[in-house]
Amino acid sequence: EISFFFPKQQTLAVIKPDAMDEHRDVILEEIRGRGFTVTRLKETVLSREMAEEFYKEHREKPFFSQLVDFMCRGPCMMLVLTKENAVEEWRALMGPTDPQKAKETSPESLRARFAADVLHNSVHGSSSEQHAEEKIRFIFGDISTEAALSADEESDV
Ligand code: RTP
Ligand code: MG
């Protein structure tokens, strides 16, 4: 089993507003089926300010205001996922940003299956371990990494 070589890691996953009504449960099933442990879980409607802060790296992009509108238009599901190599594995399960590309290169991925277009693309995942730590702290406050890594499934929704 190759995962033996990877340390346990945490990543932040978000089920975006476009996927909450119809695809939330199947995405959660898929997450657990792929061996991720959901160590934190919360449903929340982001304020405009929070959405802007969450995606501040993209402030200068032409799609920024659309992205912020989209992210706070309804509830999101925020999850901390724990697994060996979680950051990379969750990005792989999501698939490429653009679902058109996802359909070509990774038809099994969540974005290939559920996303409508490059903006409304159903899921978010941290792009690095450092990014994950920062965003988990932003969304959940200062949770202890060690406690989260040893925790069993938790659902406080
Ligand atoms: P994410 O951060 O949400 O996990 O997505 P990502 O890394 O695959 O893509 P990123 O470049 O970080 O873009 C963040 C989100 O902005 C929206 N987007 N819209 N209209 C567009 O061309 C465009 N490009 C990106 C998507 O919602 C994307 O996930
Ligand atoms: Mg990104």
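The protein chain goes by Nucleoside diphosphate kinase B in an unreviewed UniProt entry, where it is assigned to Nothobranchius furzeri.

Engineer: For this particular structure, what's the right way to read the overall build of the protein chain?
Structural biologist: Tallying secondary structure elements over the protein chain gives 9 helices and 4 strands in all. Listed by position from the N terminus, the elements making up the protein chain come as β-α-α-β-α-α-β-α-α-α-β-α-α. In the protein chain, which comprises 157 residues, the proportion classed as buried is 33%. Put simply, 73% of the contacts in the protein chain that link residues at least 6 apart link residues at least 24 apart.

Engineer: Explanation requested: the environment of Asp-21 in the structure shown.
Structural biologist: Topologically, Asp-21 is positioned in the loop between α1 (17-20) and α2 (24-33). Since 9 C-beta atoms lie within 10 Å of it, Asp-21 is described here as exposed. With 84 residues separating them in the primary sequence, Asp-21 and Thr-105 have C-alpha atoms 26 Å apart.

Engineer: Whenever I open this one, helix α8 (residues 129-140) confuses me. Can you help?
Structural biologist: Working note: α-helix, 3.6 residues per turn, so residues spaced by three or four point in the same direction. Between the first and last C-alpha of α8 there are 16 Å, a value that for 12 residues agrees with the 16 Å anticipated at 1.5 Å per step. Elements in contact with the buried residues of α8: β1 (8-15), α3 (48-54), β3 (76-84) and α5 (86-94). Of the residues trailing α8, Gly-141 is marked for its positive phi of about 80 degrees.

Engineer: So what exactly am I meant to see when it comes to the confidence of the model for the protein chain here?
Structural biologist: Do not read the predicted coordinates in detail wherever pLDDT is low. This prediction gives the protein chain a mean pLDDT of 92; 88% of its residues lie at or above 70. The secondary structure element of the protein chain with the lowest average pLDDT is helix α9 (residues 145-150), at 52, and the one with the highest is strand β4 (residues 123-125), at 99. Two summary scores accompany this predicted model of the complex, namely pTM at 0.91 and ipTM at 0.98.

Engineer: Honestly, the sheet that holds β4 in this entry has me stumped. Any pointers?
Structural biologist: Taken in spatial order, the 4 strands make up an open sheet running β2-β3-β1-β4, and their pairing is antiparallel. For this open sheet the edge positions go to β2 (37-44) and β4, each flanked by a neighbour on one side alone. Each strand axis lies, on average, 20 degrees off the axis of its neighbour in the sheet, ignoring direction. Summarising the sheet, β2 and β3 pair through 7 bridges and their orientation is antiparallel. Pairing of Lys-42 across the sheet is with Met-78, part of β3. Sitting on the sheet, α8 touches β1, β2 and β3, and the angle it makes with β1 is about 55 degrees.

Engineer: Is there a simple way to explain the site of ligand 1 in this structure?
Structural biologist: Every residue close to ligand 1 is listed here: His-58, Phe-63, Leu-67, Thr-97, Val-118, Leu-119, Asn-121, His-124, Gly-125 and Ser-127. Classifying every residue of the shell around ligand 1 gives 4 nonpolar, 6 polar and no charged.

Engineer: So what exactly am I meant to see when it comes to the UniProt feature "binding site: ATP" (unreviewed entry) in the protein chain here?
Structural biologist: Mapped onto this structure's residue numbering, the UniProt feature "binding site: ATP" (unreviewed entry) falls at Lys-16, Phe-63, Arg-91, Thr-97, Arg-111 and Asn-121. Among the secondary structure elements, Lys-16 is positioned in the loop between β1 and α1. The buried category is assigned to Lys-16, around which 22 C-beta atoms lie within 10 Å. When near neighbours in sequence (up to four residues on either side) are disregarded, Lys-16 contacts Met-71, Cys-76, Ser-122, Val-123 and His-124. By the secondary structure assignment, Phe-63 is in the loop between α3 and α4 (64-71).

Engineer: Looking at this model, I keep getting lost on unusual backbone geometry. Mind explaining?
Structural biologist: Glycine aside, the phi torsion of most residues is negative, and most peptide linkages are trans. With a phi angle near 55 degrees, Asn-85 is a residue other than glycine that sits in the positive phi range. Here Asn-85 is to be found in the loop between β3 and α5. If you check the backbone angles, Ser-122 has positive phi at about 70 degrees while not being a glycine. The exposure class assigned to Ser-122 is buried, which follows from the 26 C-beta atoms found within 10 Å.

What counts, and at which threshold
- Residues numbered from 1 in each chain as written.
- Chains lettered and ligands numbered in written order.
- Predicted model: local features only at pLDDT ≥ 70, side-chain atom pairs only at ≥ 80, totals over all residues.
- Helix = DSSP H or I, 4+ residues; strand = E, 2+ residues; numbered from the N terminus.
- Buried ≥ 20, exposed ≤ 12 C-beta atoms within 10 Å, placed from the backbone.
- Contact = placed C-beta atoms within 7 Å.
- Expected span 1.5 Å × (residues − 1).
- pLDDT = per-residue confidence, 0-100.
- Pairing = 2+ DSSP bridges.
- Axes fitted to C-alpha atoms, helices over the stretch in contact; angles between N-to-C directions.
- Near = placed C-beta within 6 Å.
- Nonpolar A, V, L, I, M, F, W, Y, C, P; charged D, E, K, R; others polar.
- UniProt positions renumbered as here; feature names shortened; annotations may be inferred.

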